[in-house]
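# Structural features, examined
Chain residues, written in single-letter form:
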Amino acid sequence: MGLTSLTTAGGRDAVPLVPVRRSGHGRWLAARGDRERRWLRATGFGARSGEISLLAGADGGLERVFLGLPGAADRGAPAPVDDGALWAFAGCPGALPPGRYRLEGGAGAGLGTEAALGWALGGYRFDRYREQAPVRARLVWPGDADRAAVESAALATFLVRDLINTPAGDMGPPELADAARALARSFGATVRVVVGDRLLDRDFPAIHAVGRAAAKAPRLIDLAWRPRGRQGVLPRVTICGKGVCFDTGGLDLKSSSNMKLMKKDMGGGAQALGLARMVMAAALPVRLRVLIPAVENAVAGNAYHPLDVVRTRKGTTVEVGNTDAEGRIVLADALAEACREKPDLLIDMATLTGAARVALGTGLPALFCNDDALADRALAAGRAAADPLWRLPLWQPYRERLSSKVADINNISSGPYGGAITAALFLESFVTPGTPWIHVDFMGWNETSRPGRPEGGEAQGMRALYALIAGEFGGRR
């Protein structure tokens with residue numbers, strides 16, 4: 001979908017929207033005209049984040065809109081990035097009457113990009129299967145908005161949401177590969193797909209083992225891109241995304257309640273494509289590669305078994321302690337292939353563990369990183385983008401919990417604790433020492449609707465990671 005909630009038309013006739021900072025609300029109110037001041041006091045407008053007050057004109061029409069923004073008084077130190085101005089603006093498309101609106105100065109100065117992105121995210125609709133009511137409250141593009149950055153972030157987010165929201169019957173490994181091909185065509189990238197038994201011929205045995213029982217054959221999606229006209233050596237950025245298009249749990253079968261949302265288990269692959277879209281749209285000076293092992297973890301006579309030993313591309317053997325810990329097994333092959341080219345930055349994203357959700361909840365992705373300075377920059381990027389990440393440790397003493405008596409490593413821990421950490425340590429086993437590596441374990445789903453974040457599939461940490469890549473290798477943040 002496009003950015004239907006923003007427009008270039010009718011700026012002069014648009015209703016002014018006045019952002020008001022909570023921290024300076026008293027001084028701001030004292031400086032307003034008498035009629036506005038009486039109205040705002042009578043209606044109890046306190047400039048709380050996302051609060052809206054509508055002022056009628058003498059003719060009965062809508063004269064002005066006031067929007068509360070978070071300020072220093074509500075934030076404390078450090079500021080909670082999830083309560084940024086971005087999300088206050090995101091509530092406007094669904095809360096305001098139909099019409100065109102324009103950002104007014106004062107507290108709105110310098111907020112054009114946040115306002116436009118929030119409005120765009122608030123205008124998202126998933127309408128593949130049912131007609132949705134269109135957004136009728138539209139924002140005139142603010143003059144100080146970075147339009148290219150807004151369009152890139154919003155369209156990448158829409159791509160991720162659409163892919164995750166699509167049911168598994170229509171978004172299996174072949175369809176995910178088609179989505180990668182469509183994205184590649186838009187930006188002059190190339191895509192190679194290794195399918196079915198060819199995975200064995202090309203030495204991706206772990207991907208094959210997990211996906212071989214499904215009716216739709218497993219595959220490795222491999223997208224490559226470099227900016228047109230860029231000569232010479234460019235830094236390599238490789239993104240791996242878990243593409244488990246549906247996860248029954250395999251022979252260690254999930255319960256029906258735990259299986260219900262497993263169409264979202266390819267969220268890592270979806271977000272890898274969304275992040276790639278942002279990198280390519282900005283023409284960042286990097287050599288980009290995206291690797292997505294796309295499988296369904298199904299039950300059939302040829303499904304892999306508990307306590308099977310699976311060989312990986314790296315040569316490491318994995319004892320299958322649980323067939324429901326399949327995402328890390330397919331990522332093992334992808335990470336090994338990624339490291340073959342010695343990337344300057346390696347990122348993997350996965351809806352990997354319930355343990356990360358227990359630790360941090362569903363709205364805060366867990367970040368693991370083998371470089372402290374790089375981790376600090378990633379966290380700072382998330383704070384600046386109102387797209388937070390939270391670091392968990394690669395605690396090496398837990399590595400022994402993955403030991404196996406019959407193979408090099410087990411895919412699950414020997415105990416019930418620290419599951420997100422042991423999963424990250426498993427993945428680290430397939431990353432070449434010295435490779436700067438980030439692993440993000442995220443939910444990929446909004447359980448309830450909030451402004452700009454409707455219930456359903458969600459990109460989490462993507463804008464933060466884009467800002468990190470842009471900061472590391474040059475380009476617009």
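A short tour of the structure in this document, coming up. All figures in this text were calculated on a predicted structure; none of them were measured in a lab. (Residues numbered from 1 in each chain as written. Predicted model: local features only at pLDDT ≥ 70, side-chain atom pairs only at ≥ 80, totals over all residues. Heavy atoms only, no water.)

Turning to the sheet that holds strand 6 (residues 137-140), a few remarks are in order. Taken in spatial order, the six strands line up as 1-6-5-2-4-3 in an open sheet, and their pairing is mixed. Only two strands of the sheet have a single partner each, and these edge strands are strand 1 (6-7) and strand 3 (52-56). As paired elements, strand 2 (residues 15-21) and strand 4 (residues 62-69) share five bridges and run parallel to each other. The residue of strand 4 that forms the bridge with Pro-19 is Leu-67. Along the sheet, helix 2 (residues 34-43) contacts strand 3 and strand 4; its crossing angle with strand 3, the most-contacted strand, is approximately 135 degrees. Of the strands in this sheet, strand 1, strand 2, strand 5 (99-103) and strand 6 touch helix 6 (residues 112-122), which is tilted by about 155 degrees from strand 6. (Pairing = 2+ DSSP bridges. Helix = DSSP H or I, 4+ residues; strand = E, 2+ residues; numbered from the N terminus. Contact = heavy atoms within 4.5 Å. Axes fitted to C-alpha atoms, helices over the stretch in contact; angles between N-to-C directions.)

Structurally, the position occupied by Arg-181 is in helix 8 (residues 173-187). Judged by relative accessible area, which is 32%, Arg-181 ranks as partly exposed. Residues Arg-181 and Ile-221, spaced 40 residues apart in sequence, show a C-alpha to C-alpha distance of 9.3 Å. Setting aside residues no more than four positions away along its own chain, Arg-181 makes contact with Val-191 and Val-193. (Buried < 20%, exposed > 50% of the residue type's maximum accessible area, 1.4 Å probe, protein only.)

For the pair helix 6 and helix 7 (residues 147-165), the least separation of the axes is 9 Å and the interaxial angle reads 25 degrees. Taken together, helix 6 and helix 7 sit at an angle that is classed as roughly parallel. The way helix 6 lies across helix 7 gives a crossing that is right-handed. Residues Thr-113, Ala-116, Leu-117, Ala-120 and Leu-121 of helix 6 lie in contact with helix 7, whose contacting residues are Val-150, Ala-153, Ala-154, Thr-157, Phe-158 and Arg-161. For the contact of helix 6 with helix 7, the residue count by class is eight nonpolar, two polar and one charged. (Parallel < 35°, antiparallel > 145°, perpendicular 65-115°, else oblique. Left-handed = near helix turned anticlockwise from the far one by under 90°. Nonpolar A, V, L, I, M, F, W, Y, C, P; charged D, E, K, R; others polar.)

The periodicity of an α-helix, 3.6 residues per turn, causes residues three or four places apart in sequence to face the same way. Of all the eleven residues making up helix 6, nine are buried; the element is thus mostly covered by neighbouring parts of the structure. Those residues of helix 6 that fall on the buried side of the exposure criterion are Gly-112, Ala-115, Ala-116, Leu-117, Gly-118, Trp-119, Ala-120, Leu-121 and Gly-122.

All right, on to a nonpolar patch on the surface then. A cluster of nonpolar side chains, namely Leu-251, Leu-253 and Val-299, defines an oily patch on the protein surface of about 260 Å² accessible area. Along the polypeptide, Val-299 turns up in the loop between strand 11 (287-297) and strand 12 (309-311). (Patch = residues over 30% accessible without salt bridge, like charges linked within 9 Å, V, L, I, M, F, W, Y side chains within 5 Å. Areas by Shrake-Rupley, 256 points an atom, 1.4 Å probe, with all protein chains shown as cover. Salt bridge = Lys/Arg side-chain N within 4 Å of Asp/Glu carboxyl O.)

Right, let's talk about the pairing of strand 4 for a bit. Summarising burial for strand 4: six of the eight residues are buried, a large majority. Alignment of strand 3 against strand 4, held across five bridges, turns out to be antiparallel. Its bridge partner being in strand 4, Leu-54 is matched across the sheet by Val-65. Between the end of strand 3 and the start of strand 4, which pair antiparallel, lie five residues, with Gly-60 showing a positive phi angle near 90 degrees.

Taken together, the three strands give an open sheet; going across it, the order is 12-13-17, and neighbouring strands pair in mixed fashion. On the outer flanks of this sheet lie strand 12 and strand 17 (409-410), each paired with one strand and no other. Bridging between strand 12 and strand 13 (residues 317-319) involves three bridges; their strand directions are antiparallel. Each residue of the ladder has a partner; that of Val-310, found in strand 13, is Val-318.

On inspection of all chains with the given rule, the structure shows zero disulfides. Looking at the unpaired Cys-339, the closest cysteine sulfur is the one in Cys-240, lying at 8.0 Å. No disulfide involves Cys-369; its nearest neighbouring cysteine sulfur is the one of Cys-339, lying 13 Å away. According to the relative accessible area criterion, Cys-369 is buried, its value standing at 4%. (Disulfide = S-S within 2.5 Å.)

Quick look at the environment of Asp-144 now. Within the fold, Asp-144 resides in the loop between strand 6 and helix 7. A polar atom in the side chain of Asp-144 sits 3.0 Å from the backbone nitrogen of Gly-110. (Polar contact = N/O pair within 3.5 Å; in protein donor to acceptor, adjacent residues only side chain to side chain.)

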